[in-house]
Amino acid sequence: MKFKKPTTEKIVEVLDHLAQLLELRGENPFKIRAYQRGARALEVLSEPLERLVEEGRLGDVEGIGKAIEEKVTELVTTGHLPYYEELVASFPVTLFELFELQGLGAKKIKILYDVLKVTSIADLEAACKAGKVAELAGFGEKSAANILKAITFYQEHAGLFRIDQIAPLAEQLLADLRAHPDVGQCQVAGSFRRCKEALGDLDLLVSSKKPEAVSQFFVQHPLVQEVIAHGPTKSSVQLEGGVQCDLRVVKPEEFPFALIYFTGSKEHNIRLRNRALERGWSLNEYRYTVEQGAAEPPLIHDESELYASLGLSYIPPELREDRGEIVAAAAGMLPNLLEWTELRGTFHCHTTASDGKSTLREMALAAQELGLDYLGIADHSKSSYQANGLNEARLLQQQEEIKKLNNELAPFRIFAGTECDILKDGALDFSDEVLASLDYVVASVHSSFGLSETAMTDRLIRAIQNPYVTMLGHLTGRRFFSRDPYPVNIPAVIEVAAATGTMIELNASPYRLDMDWRWWSLAKEKGVKCVINPDAHSTQGLQNLKYGCLIARKGWLTKDDVVNTRSLEKVIPLLEAKRKR
DNA sequence: GCCGTTTTCGGCCCGACTGTTTTCAGTCG
């Protein structure tokens with residue numbers, strides 16, 4: 001019998017789902033947490049799950065014991081888990097939608113299901129409107145109203161936001177809080193500070209001796225649309241645009257502890273707590289507590305000192321994902337992460353020639369203003385009809401314009417390129433002869449997203465084997481909250497990129513952030529260079545570079561790993577290297 | 001269900017806030 005092997009992500013999903021199922025059954029909460037911990041452990045494995053299973057080493061992973069090891073092994077080797085399938089079958093499948101609603105957990109969902117026979121969000125909405133929910137024991141008018149609000153919120157946003165949706169709100173709130181006389185230190189925390197690509201909310205942390213005054217100021221801020229919770233030290237609001245924002249106010253001496261705690265990630269913090277315990281200190285969000293007989297910890301004034309007290313060099317927030325940063329920090333081996341100011345130029349920008357909103361000249365001047373020394377223009381190629389892609393004649397004409405503008409703007413340099421479509425079979429949209437006339441080529445997929453993983457992988461590999469393809473554009477084609485990534489074997493593509501000397505783009509558009517930060521360590525290890533491209537469709541779009549830089553940092557990249565940190569003189573041979581091989 | 005230099009039983013993170021209670025359960029982070 002052949003079966004489709006479940007991916008690690010799928011298995012993580014099963015474990016998380018098992019935890020929900022057990023919660024609904026009212027199981028021992030520690031058993032539930034064990035499944036959740038098991039899922040988290042599989043998420044951050046440093047080697048393939050299959051290999052661990054084959055070699056019988058799965059049980060060595062922290063958080064995986066005998067029972068979960070058996071279940072995961074069964075899933076990996078047979079593709080099935082009857083224990084799970086039976087549990088799933090005992091509840092209607094739509095019931096699990098309810099876990100997505102703010103303020104609803106397993107206990108309440110169970111009551112709604114048992115008493116009102118609610119099995120979906122649609123059912124729940126109807127029950128609330130019919131007044132049935134408010135009559136339930138433990139519920140009331142307010143609960144019913146809040147559930148309706150949570151349903152509306154869920155339907156509108158599915159609860160996630162892009163980094164560019166949150167950033168302006170964060171900047172405004174930070175500035176206003178910092179200007180408040182009762183605010184000492186003030187910082188963004190949470191996943192925004194860690195530069196995650198998709199954000200559920202915005203977390204702010206303030207130190208103050210008058211927490212009530214600061215909390216009051218916060219909930220009355222003009223950006224606040226609605227107050228969800230409001231206490232002296234903890235408040236929760238909904239901002240314009242539906243973003244949930246939480247504020248914590250702590251005492252000045254608690255600030256570094258709270259900042260690390262609320263920045264996360266949870267897994268990172270667990271590692272820190274364990275290191276503290278090894279020293280006889282218990283670490284929480286406010287302070288160290290010293291166990292009897294243990295040495296006194298040093299006084300802590302900031303995050304650096306806190307890390308130092310645990311024998312670690314300072315870990316930048318972007319790296320706090322429990323992906324090896326603690327070990328590296330203990331060994332003093334953390335990379336010197338890329339700084340945004342180190343970028344000297346960029347590639348993959350559009351102009352009015354295809355689907356951009358700014359002209360060639362406007363783009364060049366904006367790049368100069370941004371402090372860049374060079375700019376690559378890569379308008380769409382002829383097959384991208386929808387984007388007004390350039391044919392050979394128009395491309396030639398653009399090259400002439402670029403030549404003229406280069407004479408005028410020297411020493412600033414515009415590189416003539418193209419964002420050449422990768423056709424369905426992996427062939428390119430222009431002949432090698434045309435490609436050879438350009439300074440560089442970005443190759444990207446803009447059509448036939450529905451191919452199988454194998455076909456898509458072959459397609460990309462064929463494209464990057466072309467000697468004129470300098471860099472691979474937005475590797476998975478994802479667009480946050482509107483288009484899923486197409487299936488592609490990323491390690492296989494990285495392998496061929498390394499072998500052919502092809503750069504991989506870090507598309508800095510906040511809609512894409514593609515290739516994903518989780519893969520850059522592998523690319524770096526294989527010797528593939530990163531190029532941070534804004535995919536700008538206007539002068540404003542050049543600002544995307546800042547997001548790209550944040551994601552590069554999150555991917556552990558340094559100045560040396562990123563091609564467009566090179567000076568003009570040094571970048572030219574890098575663009576030519578592959579075609580000269 | 002996981003874990004162990006307090007080791008095979010008995011812990012497992014817990015503080016803050018809301019809403020429905022009259023002292024607390026549920027949710028969240």
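What you see is a predicted model, and the numbers here were worked out from it, not measured in a lab.

Thresholds, definitions, all that
Residues numbered from 1 in each chain as written. Chains lettered and ligands numbered in written order. Predicted model: local features only at pLDDT ≥ 70, side-chain atom pairs only at ≥ 80, totals over all residues. Heavy atoms only, no water. Helix = DSSP H or I, 4+ residues; strand = E, 2+ residues; numbered from the N terminus. Rg over C-alpha atoms; globule rule 2.2 N^0.38 Å. Buried < 20%, exposed > 50% of the residue type's maximum accessible area, 1.4 Å probe, protein only. Contact = heavy atoms within 4.5 Å. Areas by Shrake-Rupley, 256 points an atom, 1.4 Å probe, with all protein chains shown as cover. Lys, Arg positive; Asp, Glu negative; His and termini not counted. Charge placed at Lys NZ, Arg CZ, Asp CG, Glu CD. Pairing = 2+ DSSP bridges. Axes fitted to C-alpha atoms, helices over the stretch in contact; angles between N-to-C directions. Salt bridge = Lys/Arg side-chain N within 4 Å of Asp/Glu carboxyl O. Near = heavy atom within 4 Å. Polar contact = N/O pair within 3.5 Å; in protein donor to acceptor, adjacent residues only side chain to side chain. Phe/Tyr/Trp six-rings, centres within 6.5 Å; stacked < 30°, edge-to-face > 60°. Lys NZ or Arg CZ within 6 Å of the ring centre and 35° of its normal. Core = buried A, V, L, I, M, F, W, Y, C linked by side-chain atoms within 4.5 Å. Domains from an automatic or database assignment. Buried area = accessible area lost by both parts, 1.4 Å probe. Left-handed = near helix turned anticlockwise from the far one by under 90°. Parallel < 35°, antiparallel > 145°, perpendicular 65-115°, else oblique. Nonpolar A, V, L, I, M, F, W, Y, C, P; charged D, E, K, R; others polar.

1. Let's talk about the overall build of chain A
Then, in step 1: Within chain A one finds 24 helices and 17 strands.
Then, in step 2: Against the compact-globule benchmark of 25 Å for 581 residues, chain A has a radius of gyration of 26 Å, which places it among compact chains.
Then, in step 3: Projected onto the principal axes, the alpha-carbon positions of chain A cover approximately 75 × 70 × 55 Å.
Then, in step 4: Within chain A, buried positions represent 51% of all 581 residues.
Then, in step 5: A separation threshold of at least 6 residues defines the contact pool for chain A, and within that pool the share at least 24 residues apart is 67%.
Then, in step 6: Carbon and sulfur atoms make up 51% of the accessible area of chain A, which amounts to about 26700 Å² in all.
Then, in step 7: Taking the average location of the 68 positive side-chain charges in chain A and that of its 81 negative ones, the two points are 1 Å from each other.

2. A word on the sheet that holds strand 6 (residues 234-239)
Then, in step 1: Ordered by their spatial adjacency, five strands build an open sheet running 2-4-7-6-5, and the pairing between neighbours is mixed. Looking at the sheet topology across the chains shown, the edges are occupied by strand 2 (186-189) and strand 5 (224-230). The sheet shows a mean angle of 25 degrees between the axes of neighbouring strands, direction not considered.
Then, in step 2: Along the sheet face, helix 12 (residues 211-219) touches strand 4 (201-207), strand 5, strand 6 and strand 7 (244-250) and points at about 165 degrees away from the line of strand 7.

3. Description of the pattern of salt bridges
Opposite charge on two side chains allows them to pair when their charged atoms are near.
Then, in step 1: Scanning the model with the defined rule gives 34 salt bridges in all.
Then, in step 2: Taking the shortest distance from any N to any O, the salt bridge between lysine 66 and glutamate 70 comes out at 3.7 Å. Of the two residues, lysine 66 and glutamate 70 are both situated in helix 4 (residues 66-78); the distance of four residues between them amounts to about one turn of the helix.
Then, in step 3: Among the residues examined, lysine 66 registers a relative accessible area of 65% and is labelled exposed.
Then, in step 4: Classification of glutamate 70 as partly exposed rests on a relative accessible area of 49%.
Then, in step 5: Where aspartate 561 meets lysine 524, a salt bridge forms, and the shortest distance between an N and an O atom there is 3.0 Å.

4. Describing the protein's contact with DNA strand B
Then, in step 1: As a structural note, the neighbourhood of DNA strand B is formed by 38 residues, with Arg33, Gly63, Gly103, Gly140 and His230 the closest of them.
Then, in step 2: By atom count, sugar and phosphate contribute 82% of the portion of DNA strand B lying within 4 Å of the protein.
Then, in step 3: Measuring from a phosphate oxygen of DNA strand B, one finds a backbone N or O atom of isoleucine 68 at 3.1 Å.
Then, in step 4: The contact in question runs from a phosphate oxygen of DNA strand B to an N or O atom on the side chain of asparagine 146, over 3.1 Å.
Then, in step 5: At the level of elements, helix 2 (29-43), helix 4, helix 6 (106-116), helix 9 (141-157) and strand 5 are the ones that each hand at least two residues to the surface near DNA strand B.
Then, in step 6: Considering every element that reaches the surface near DNA strand B, the biggest residue donor is helix 2, with five residues.

5. Quick notes on the packing of aromatic side chains
Two aromatic rings are characterised by how far apart their centres lie and by the angle between their planes.
Then, in step 1: This model, assessed by the stated rule, comprises 12 aromatic pairs.
Then, in step 2: Both rings, one in phenylalanine 91 and one in phenylalanine 96, keep their centres 6.4 Å apart while their planes meet at 85 degrees; by these two values the pair is edge-to-face.
Then, in step 3: By relative accessible area, phenylalanine 96 is classed as buried at 10%.
Then, in step 4: An aromatic cluster is defined as three or more aromatic residues linked by ring pairs; in this entry it consists of Phe91, Phe96, Phe99 and Tyr113.
Then, in step 5: Positioned above the aromatic ring of tyrosine 83 is the side chain of lysine 71, whose terminal nitrogen or guanidinium carbon lies 4.5 Å from the ring centre.
Then, in step 6: Sitting above the plane of the tyrosine 511 ring, arginine 162 keeps its charged end 3.7 Å from the centroid.

6. A look at the nonpolar core
Then, in step 1: In this structure, Phe192, Leu202, Leu204, Leu239, Ile414, Leu475 and Ile532 are the most contacted members of the largest nonpolar core, which totals 95 residues.
Then, in step 2: In terms of residue count, helix 10 (residues 163-178) provides more of this core than any other element does, eight residues in total.
Then, in step 3: Counting contributing residues per domain, this core is built from domain 2 (161-250) and domain 4 (340-580), each supplying no fewer than three.
Then, in step 4: Core analysis: the second largest hydrophobic core is formed by 50 residues, Ile64, Phe99, Ala134 and Ala150 among them.

7. Quick look at the side chain of aspartate 429
Then, in step 1: Secondary-structure assignment places aspartate 429 in the loop between strand 13 (419-421) and helix 19 (432-436).
Then, in step 2: The side chain of aspartate 429 sits in the buried core without any salt bridge; lysine 382 is the nearest counter-charge, 4.8 Å away.
Then, in step 3: In terms of polar contacts, aspartate 429 uses its side chain to reach the backbone amide nitrogen of lysine 382, at 3.1 Å.
Then, in step 4: If we ignore the near neighbours within four places in the chain, the residues touching aspartate 429 are Ser381, Lys382, Ser383, Cys420, Asp421 and Leu423.

8. Regarding the sheet that holds strand 10 (residues 345-349)
Then, in step 1: The three strands lie next to each other as 10-11-12, forming an open sheet whose pairing is parallel. Of all the strands in the sheet, just strand 10 and strand 12 (413-416) have a single pairing partner and so form its edges. On average, each strand axis in the sheet is tilted by 20 degrees relative to the strand beside it, whichever way the strands run.
Then, in step 2: Examined bridge by bridge, strand 11 (residues 374-377) and strand 12 share four bridges and lie parallel to one another.

9. A closer look at helix 13 (residues 255-263)
At 3.6 residues per turn, the α-helix brings residues three or four places apart onto the same side.
Then, in step 1: Burial runs high along helix 13: eight of the nine residues are buried.
Then, in step 2: Those residues of helix 13 not exposed but buried are Phe255, Pro256, Phe257, Ala258, Leu259, Ile260, Phe262 and Thr263.
Then, in step 3: Positive phi appears at glycine 264, one or two residues downstream of helix 13, with a value of about 75 degrees.

10. A short note on the domain arrangement of chain A
Accessible area lost upon the coming together of the parts serves often as the stated size of an interface.
Then, in step 1: Domain boundaries assigned for chain A yield domain 1 (8-157), domain 2 (161-250), domain 3 (257-330) and domain 4 (340-580).
Then, in step 2: The gap between the C-alpha centroids of domain 2 and domain 4 is 36 Å.
Then, in step 3: Taken residue by residue, the interface counts 10 residues in domain 2 and 13 residues in domain 4.
Then, in step 4: Where domain 2 abuts domain 4, roughly 1000 Å² becomes buried across the two surfaces, and 69% of that area is made up of carbon and sulfur atoms.

11. Quick look at the environment of leucine 306
Then, in step 1: Residue position: leucine 306 is located in helix 15 (residues 303-309).
Then, in step 2: Considering only alpha carbons, one finds leucine 306 and alanine 198, 108 residues apart in sequence, at a separation of 28 Å.
Then, in step 3: Setting aside residues up to four positions removed in sequence, leucine 306 forms contacts with Pro256, Phe257, Ile260, Leu283, Tyr288 and Ile300.

12. Considering the packing of helix 7 (residues 121-129) against helix 9
Then, in step 1: It is at 9 Å that the axes of helix 7 and helix 9 come closest, and there the two elements cross at 145 degrees. Where helix 7 crosses over helix 9, the handedness of that crossing is left-handed. Taken together, the residues of helix 9 that come into contact with helix 7 (itself represented by Ile121, Leu124, Glu125, Cys128 and Lys129) are Ala144, Ile147, Leu148, Ile151, Tyr154 and Gln155.

13. Focus: the packing of helix 20 (residues 453-464) against helix 21 (residues 490-500)
Then, in step 1: Packing of helix 20 against helix 21 leaves a shortest axis separation of 10 Å and a crossing angle of 10 degrees. Between helix 20 and helix 21, the crossing angle belongs to the class labelled roughly parallel. The residues of helix 21 that touch helix 20, namely those facing Thr457, Leu460, Ile461 and Ile464, are Ala492, Val493, Val496, Ala497 and Thr500.
Then, in step 2: Per-class residue counts for the contact of helix 20 with helix 21 are seven nonpolar, two polar and no charged.

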